[in-house]
Amino acid sequence: MDKIPSFQKDHNKLMPGLYMSVSKNGIATFDLRFKRPNEGDYIGQGALHSIEHMLATILRNGEQKESIVYFGPMGCRTGFYLLTQDLSYNEVLGMLKKAFADSLLLEEVPGAKKEECGNYLEHDLAGAKKECAAYLALLNTINDRGE
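The text that follows walks through the structure, step by step, so that each part is easy to find.

Parameters and conventions
- Residues numbered from 1 in each chain as written.
- Predicted model: local features only at pLDDT ≥ 70, side-chain atom pairs only at ≥ 80, totals over all residues.
- Heavy atoms only, no water.
- Core = buried A, V, L, I, M, F, W, Y, C linked by side-chain atoms within 4.5 Å.
- Buried < 20%, exposed > 50% of the residue type's maximum accessible area, 1.4 Å probe, protein only.
- Helix = DSSP H or I, 4+ residues; strand = E, 2+ residues; numbered from the N terminus.
- Contact = heavy atoms within 4.5 Å.
- Salt bridge = Lys/Arg side-chain N within 4 Å of Asp/Glu carboxyl O.
- Pairing = 2+ DSSP bridges.
- Axes fitted to C-alpha atoms, helices over the stretch in contact; angles between N-to-C directions.

Thoughts on the nonpolar core
1) Next: Residues Leu-18, Leu-32, Leu-82 and Phe-100 are the most contacted members of the largest nonpolar core, which totals 32 residues.
2) Next: Secondary structure elements with two or more residues in this core: β2 (27–33), α2 (45–60), β3 (68–73), β4 (79–85), α3 (89–103) and α4 (125–139).
3) Next: Beyond its immediate stretch of four places on either side in the chain, Phe-100 contacts Leu-32, Phe-34, Leu-55, Cys-132, Tyr-135, Leu-136 and Leu-139.

Concerning the environment of Lys-9
1) Next: Looking at the element boundaries, Lys-9 is found in the loop between α1 (5–8) and β1 (17–24).
2) Next: For the pair Lys-9 and Gly-44, spaced 35 residues apart in the sequence, the C-alpha separation amounts to 24 Å.
3) Next: Residues in contact with Lys-9, not counting those within four places in the same chain, are Leu-14 and Ser-21.

Considerations on the pattern of salt bridges
1) Next: Per the counting criterion, the structure on display carries four salt bridges.
2) Next: Among the ionic pairs, Arg-33 bridges to Asp-31, the shortest N-O distance being 2.8 Å. Comparing Arg-33 with Asp-31, the two get one shared label, buried.
3) Next: Between Lys-98 and Asp-102 there is a salt bridge, with the nearest N and O atoms lying 2.8 Å from each other. Pair noted here: Lys-98 and Asp-102 are both in helix α3, with a separation of four residues, about one helical turn.
4) Next: Looking at Asp-102, the relative accessible area reads 26%, which means it is partly exposed.
5) Next: If you follow the salt bridges from partner to partner, you end up with Lys-35, Asp-41 and Glu-131 in one network.

Concerning the sheet that holds β1
1) Next: The sheet built from four strands is open, its strands ordered β1-β2-β4-β3 with antiparallel pairing. A single partner strand is all that each edge strand has here, and the edge strands are β1 and β3. Each neighbouring strand pair of the sheet contributes to a mean axis angle of 15 degrees, computed without reference to strand direction.
2) Next: Where β2 and β4 come together, seven bridges link them in antiparallel fashion. Residue pairing across strands places Ala-28 opposite Thr-84, the latter belonging to β4.
3) Next: Sheet strands touched by α2: β3 and β4. Its angle to β3, the strand with the most contacts, is close to 165 degrees.

Here you go:
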């Protein structure tokens, strides 16, 4: 079998950041890397689950909601994948800065009731906000690519 693109990257060299890893047929895959791989510092499971709910809700209700294909966690717990349609890197960067700022204003995790979630007991709003604040600070250091 062919090795998929994300497994072709040397994870020993990956640093936290925002990367557009694949763009095909107008669909772009963004790697929202919160943590450096294989360093022992991972997003806690409850926080990861809560960030998934928070950002998926915010992005799918935002100005570019029609361009959001998917938002979800990496199994390694170092970040998230965002798939978009017909958005540039700069558009996604701006959208994410706003979405992560909005996430810090949430007073509860969206969709976290028993009837809404398959693992409703495993959420951590405080942990999620801490991770989101740290990632927003990182995003704010990234300049537009001039695209």
